Amino acid sequence: MRGRLLTLKDYVSMVRDPGPFRDIADGAHDPVEAKETVFQGQMTPIIRIAGAAERYTPLFASFLRQYEASNAKLLMAKAFGRPALERWYDIGPWAVLDRSLLRENLSPKDLRMVLAGTYLDGAIEDISSLERFEIRLDILSAENLYRSWATFPAADKEALRGFVLRRVAVVSLVRQWRLKESYHWSEERIRHSLETLHGLFGGLVQPQVKIVEEALNARLELRRKDGSPVTAVEDIEHLLEQYFHRWASSVFHRDFHSLSCVVAYLWLLSCQVRNLFRILDGLRFGLAPEAILERIVGEA
């Protein structure tokens, strides 16, 4: 399945000569429906494998449910009266939320009752605001993935732990930059916000954050020397995603007989979904191919 993932060359061809992909991205089609179609095409094999490979079912299910967390956020945003695109991620039999809920006029308390008793139950401890719910949901998603290794041998558990910790480190730095530059939070407030997420993993996240931060600083220094310093938060996020993609790709090739292959593939697939969404948006808004490709994360 690794060979079915797209390379940068594939993305270049897709952007310069969209072919059938142009039909999906065409302005005559609903943009939300277009992305749902792409998501379904990418995730259907994983949905099927999740039920066929019993040993890996908890891992695959927790991966797919990262997307159901977005569905829950959408429902809660509507419950709070916030505007939101009604893009729904269909994860088949692994879902506990049904799309029909979008048609109901749910209040936050109603949604709390819907989630009660499900694996999303832990996210409803505080629904005093949409932001608090989303933070709890992000923490719960990371926790579910972190705990999905219960039946794996020690070496495989270590592989999954490494992936989750490195991903949490990347997400932490993205959040840190966004809270500082976009929301102008103080260093103390940012630190307190991140401590909640890091607390799930004891003292294991900080060493990973340091590794990722050093890699980011090295890349920023190269940009500075090249005369193209990075200042926008979006550029920082792109650099961090590029870093994680390279790291996941390298891990995939280390041991073809370990869990690392499976986990690396899942992360690379999720990156591919985001890339395809970027291409859909770029084509829809008529961006130049170069502008679209600037935001693609991948390897040659």
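Residues numbered from 1 in each chain as written. Predicted model: local features only at pLDDT ≥ 70, side-chain atom pairs only at ≥ 80, totals over all residues. Heavy atoms only, no water.

Undergrad: Can you help me understand helix α11 (residues 259–284) in this one?
TA: Given 3.6 residues per helical turn, the α-helix brings residues three or four places apart onto the same face. With 26 residues, α11 extends 38 Å from end C-alpha to end C-alpha; this agrees with the ideal 38 Å at 1.5 Å per step. Of all 26 residues making up α11, 22 are buried, and the element is well covered by its neighbours. Just beyond α11, the residue with positive phi is G286, at close to 70 degrees. (Helix = DSSP H or I, 4+ residues; strand = E, 2+ residues; numbered from the N terminus. Expected span 1.5 Å × (residues − 1). Buried < 20%, exposed > 50% of the residue type's maximum accessible area, 1.4 Å probe, protein only.)

Undergrad: Would you mind showing me how to read the nonpolar core here?
TA: The nonpolar side chains of soluble globular proteins are, as a tendency, buried together. Ranked by size, the top nonpolar core spans 73 residues in total, and within it M43, I46, L59, L64, F163 and I279 carry the most contacts. With 16 residues, α11 is the largest single contributor of residues to this core. Beyond its immediate chain neighbours, meaning those up to four positions away, I279 contacts Y11, M14, V15, F21, I292 and I296. Formed by 22 residues, the second largest nonpolar core is a distinct cluster that contains L74, W88, L106 and I127. (Core = buried A, V, L, I, M, F, W, Y, C linked by side-chain atoms within 4.5 Å. Contact = heavy atoms within 4.5 Å.)

Undergrad: Got a minute to help me understand the pattern of salt bridges in this structure?
TA: Pairing is possible between side chains of opposite charge, provided their charged atoms come close. Taken as a whole, this structure holds 20 salt bridges when the rule is applied. For the salt bridge of E36 with R99, the shortest nitrogen-to-oxygen distance reads 2.8 Å. With E36 in helix α3 (residues 31–52) and R99 in the loop between α4 (57–79) and α5 (108–115), the pair connects residues that are 63 residues apart, well separated along the chain. A network of salt bridges, in which partner residues are shared, links K73, D138 and R175. (Salt bridge = Lys/Arg side-chain N within 4 Å of Asp/Glu carboxyl O.)

Undergrad: Explain the packing of helix α9 (residues 205–225) against helix α10 (residues 233–252) here, please?
TA: The geometry of a pair of packed helices is captured by two quantities: the angle between their axes and the separation between those axes. Relative orientation of the contacting elements α9 and α10 amounts to 120 degrees, with a least axis distance of 10 Å. Considering the angle they form, α9 stands oblique to α10. Crossing angle aside, the handedness with which α9 passes α10 is right-handed. Across the interface between the two elements, I211, V212, A215, L216, R219, L220 and R223 of α9 pack against I236, L239, L240, Y243 and R246 of α10. Classifying every residue of the contact of α9 with α10 gives nine nonpolar, no polar and three charged. (Axes fitted to C-alpha atoms, helices over the stretch in contact; angles between N-to-C directions. Parallel < 35°, antiparallel > 145°, perpendicular 65-115°, else oblique. Left-handed = near helix turned anticlockwise from the far one by under 90°. Nonpolar A, V, L, I, M, F, W, Y, C, P; charged D, E, K, R; others polar.)

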